[in-house]
Amino acid sequence: MRAESVYEIAIHLPDKELEKLLLMLNKKVNPHLRSTPKKRQLLSDKKAIDYLLENVFRKVY
């Protein structure tokens with residue numbers, strides 16, 4: 001089946017069905033839309049304090 005044939009059929013769909021088709025195609029074409037983005041891990045208080053002591057408040061000799 002060719003894309004032109006599918007397009008000719010799709011343009012005659014009702015608006016609601018056309019939206020459903022678009023969502024289904026987006027999921028198939030763009031698989032990254034299906035997965036949820038990974039959240040960054042927050043620093044613990046100890047790691048944040050260690051970072052500050054090592055990088056910000058280090059002594060200059």
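Provided above is the structure to which this section pertains.
Residues numbered from 1 in each chain as written. Predicted model: local features only at pLDDT ≥ 70, side-chain atom pairs only at ≥ 80, totals over all residues. Heavy atoms only, no water.

### A word on helix H3 (residues 45-56)
For step 1, the next point in the chain: When the terminal C-alpha atoms of H3 are compared, their 16 Å separation across 12 residues agrees well with the 16 Å that a helix rising 1.5 Å per residue should span.
For step 2, the next point in the chain: Little of H3 sits inside the fold, with 0 of its 12 residues counted as buried. (Helix = DSSP H or I, 4+ residues; strand = E, 2+ residues; numbered from the N terminus. Expected span 1.5 Å × (residues − 1). Buried < 20%, exposed > 50% of the residue type's maximum accessible area, 1.4 Å probe, protein only.)

### With respect to a nonpolar patch on the surface
For step 1, the next point in the chain: A surface patch of nonpolar side chains, amounting to about 630 Å² of accessible area, comprises Ile-49, Tyr-51, Leu-52, Leu-53, Val-56 and Phe-57.
For step 2, the next point in the chain: Mapped onto the elements, Tyr-51 comes out in helix H3. (Patch = residues over 30% accessible without salt bridge, like charges linked within 9 Å, V, L, I, M, F, W, Y side chains within 5 Å. Areas by Shrake-Rupley, 256 points an atom, 1.4 Å probe, with all protein chains shown as cover. Salt bridge = Lys/Arg side-chain N within 4 Å of Asp/Glu carboxyl O.)

### Things to note about the pattern of salt bridges
Pairing is possible between side chains that carry opposite charge, provided their charged atoms lie close to one another.
For step 1, the next point in the chain: Considering all chains together, one arrives at 3 salt bridges under this definition.
For step 2, the next point in the chain: Residue Asp-50 pairs with Lys-46 through a salt bridge whose shortest N-O separation is 3.1 Å. Of this pair, Asp-50 and Lys-46 both sit in helix H3, 4 residues apart, which is roughly one turn of that helix.

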